Number of protein chains: 2
Amino acid sequence: MYTIGQVSQMFNIPISTLRYYDKEGFFPNLKRSSGIRRFDEQDIEALKVIECLKESGLELKDVKQFIKWATKGSSTYKNRKELFEKRKIAVEQEIKKLQKTLNILEYKCWYYDKAIKDGTEDRIYKMLPNKLPPKIQKLYDSFH
Amino acid sequence: MYTIGQVSQMFNIPISTLRYYDKEGFFPNLKRSSGIRRFDEQDIEALKVIECLKESGLELKDVKQFIKWATKGSSTYKNRKELFEKRKIAVEQEIKKLQKTLNILEYKCWYYDKAIKDGTEDRIYKMLPNKLPPKIQKLYDSFH
DNA sequence: CCTTGACATAAAGTTAGGTTTAGGTATTAA
DNA sequence: TTAATACCTAAACCTAACTTTATGTCAAGG
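What counts and how
Residues numbered from 1 in each chain as written. Chains lettered and ligands numbered in written order. Predicted model: local features only at pLDDT ≥ 70, side-chain atom pairs only at ≥ 80, totals over all residues. Heavy atoms only, no water. Near = heavy atom within 4 Å. Polar contact = N/O pair within 3.5 Å; in protein donor to acceptor, adjacent residues only side chain to side chain. Helix = DSSP H or I, 4+ residues; strand = E, 2+ residues; numbered from the N terminus. Nonpolar A, V, L, I, M, F, W, Y, C, P; charged D, E, K, R; others polar. Least-squares fit on C-alpha atoms with pLDDT ≥ 70 in both. Contact = heavy atoms within 4.5 Å. Buried area = accessible area lost by both parts, 1.4 Å probe. Salt bridge = Lys/Arg side-chain N within 4 Å of Asp/Glu carboxyl O. Axes fitted to C-alpha atoms, helices over the stretch in contact; angles between N-to-C directions. Parallel < 35°, antiparallel > 145°, perpendicular 65-115°, else oblique. Left-handed = near helix turned anticlockwise from the far one by under 90°. Buried < 20%, exposed > 50% of the residue type's maximum accessible area, 1.4 Å probe, protein only.

Caption draft 1: A look at the protein's contact with DNA strand C. Neighbouring residues of DNA strand C: 16 residues in total, closest Thr17(A), Lys54(A), Thr3(B), Arg32(B) and Arg37(B). Sugar and phosphate atoms form 76% of the subset of DNA strand C atoms that lie within 4 Å of the protein. A distance of 3.4 Å is found between a phosphate oxygen of DNA strand C and a backbone nitrogen or oxygen belonging to Leu60(A). Between DNA strand C and the protein, one listed contact pairs a phosphate oxygen with a side-chain N or O atom of Arg37(B) at 2.7 Å. Of all elements in the fold, only helix H2 (15–23) of chain A together with helix H1 (4–11) and strand E2 (36–38) of chain B reach the threshold of two or more residues within the surface near DNA strand C. The class makeup of the residues in the surface near DNA strand C is 6 nonpolar, 5 polar and 5 charged.

Caption draft 2: Looking closely at the relation of the copies chain A and chain B. For the match of chain A to chain B, the screw axis carries a shift of 0.0 Å, the RMSD comes to 0.1 Å, and the turn is 180°. Seen this way, the second copy is the image of the first under a two-fold rotation axis. Residue Ile95(A) of chain A places its C-alpha closer to the rotation axis than any other residue of that unit, at 3.0 Å. Take the interface residues of chain A: 100% of them recur as interface residues in chain B, which is what a same-surface contact looks like.

Caption draft 3: A look at the environment of Ser74(A). Following the sequence through the fold, Ser74(A) ends up in the loop between helix H4 (60–72) and helix H5 (77–118). Setting aside anything within four residues of it in sequence, one finds Ser74(A) in contact with Arg80(A) and Gly119(B).

Caption draft 4: Molecular detail of the side chain of Lys81(B). Mapped onto the fold, Lys81(B) is located in helix H5 (residues 77–118). Discounting chain neighbours no more than four positions away, the residues touching Lys81(B) are Cys109(A), Tyr112(A), Asp113(A) and Ile116(A).

Caption draft 5: Just the interface of chain A and chain B, in detail. In this complex, chain A contributes 35 residues to the contact, which on the side of chain B involves 35 residues. Around 3,300 Å² of area is buried between chain A and chain B when both sides are counted, 75% of it from carbon and sulfur atoms. A salt bridge links Lys81(B) to Asp113(A), with the nearest nitrogen and oxygen atoms 3.0 Å apart. The interface formed by chain A and chain B holds 8 residue pairs in polar contact (both at pLDDT 80 or more) in total. Broken down by secondary-structure element, the contributors of at least two residues to the side of chain A that touches chain B are helix H3 (41–55) and H5 of chain A. Among the elements that take part in the side of chain A that touches chain B, H5(A) stands out by supplying 25 residues, more than any other. In the side of chain A that touches chain B, the residues fall into 15 nonpolar, 7 polar and 13 charged.

Caption draft 6: Spotlight on the packing of H1(B) against helix H2 (residues 15–23) of chain B. All names here are of chain B. Contact pair H1 / H2: the axes reach a minimum separation of 9 Å and the direction vectors enclose 110°. With respect to H2, the element H1 is oriented roughly perpendicular. With respect to the hand of their crossing, H1 and H2 are arranged in right-handed fashion. Residue-level inspection shows Ile4, Gly5, Val7 and Ser8 of H1 in contact with H2, the latter providing Ile15, Leu18 and Arg19. Looking at the contact of H1 with H2 residue by residue, the classes come out as 4 nonpolar, 2 polar and 1 charged.

Caption draft 7: The arrangement of the pattern of salt bridges in detail. For the coordinates displayed, the defined rule picks out 30 salt bridges over all chains. Across the salt bridge formed by Glu82(A) and Lys78(A), the nearest N and O atoms sit 3.1 Å from each other. Of the two residues, Glu82(A) and Lys78(A) are both situated in helix H5; the distance of 4 residues between them amounts to about one turn of the helix. Lys78(A) sits in the exposed class, given a relative accessible area of 53%. A salt bridge links Lys61(B) to Glu59(B); its shortest N-O distance comes to 3.5 Å. Residue Lys61(B) is classed as exposed on the basis of its relative accessible area of 56%. When its relative accessible area of 48% is taken as the criterion, Glu59(B) is described as partly exposed. Counted as one network, the salt bridges with shared partners bring together Lys81(A), Glu85(A), Lys88(A), Asp113(B) and Lys117(B).

Caption draft 8: Just the protein's contact with DNA strand D, in detail. By nearness alone, 16 residues border DNA strand D, and Thr3(A), Arg32(A), Arg37(A), Thr17(B) and Lys54(B) come closest of all. A share of 78% is what sugar and phosphate atoms reach among the atoms of DNA strand D within 4 Å of the protein. Here a phosphate oxygen of DNA strand D and a side-chain polar atom of Arg19(A) are 3.0 Å apart. If you list the elements that add at least two residues to the surface near DNA strand D, you get helix H1 (4–11) and strand E2 (36–38) of chain A together with H2 of chain B.

Quick look at the structure:
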């Protein structure tokens, strides 16, 4: 049995966050003695689940939904799988988008590196795209 | 010369967003005739810059800083490069984190796929980590 | 003359996931 | 006895990038 302060230390999560999770209903079985929260193994397990699902990029409302399904047992495996499947597709798209972003940034870095060396941007502006270094041209093409 | 409605259509950006950008000072040279905003080529160029920098994942306050530097000329190439360099490193880290997230999600998908096939999670719980399929074991190890 | 539509403003609302504040209780140590 | 801790609550605040709302101006068309 742990107090909120102990759980906070064990998981390195602010007390305010634990209270917030409680208020949001993430510890359906949390007990109290004379008003003070007492976290038992079940509550600690619930917290581990929250942490893990947050790690996988789920929003809290999805975590909540997942917990509901999990307490309903084996009839909800499909729902749970679909939840992760959807999130997986979203993450794959996020990664793709960030890789495009990275191309832009690498181009920008090259651009200003050259501007610094030349002392001016003029020579870059006058450069035809097909005269760019091959690697840079690839970057350039990837977002134009 | 364009009205706000025309610009909104040309760029597919809500009118409210354009007004917001204006209020935030992103169109330092925007003219008005009898109270109505008139966007000229310069303002359109400014908007293109905003769009491009937002594409590269910069926050509006960084976009603002960049514009300030850009109007100061060649003496700020270094500042501008550093801005992109920093953002580049941040994006690389975001991608790494998402790839870890993806590993968790792929594991979860495998897990529930198997639970659906078995009709129960029990057999997975009893499975030793070194008895997992090699690909799944790799995923599992990557976040444990 | 009246309505429609495009423009304008200021201020409040939205979202998520908390954090901070103000005020109160209960136990314990000096 | 009083001071320090650790706990409690409700409600306000935070960030970013907008969006919505309420209200108003102005010109053209029927």
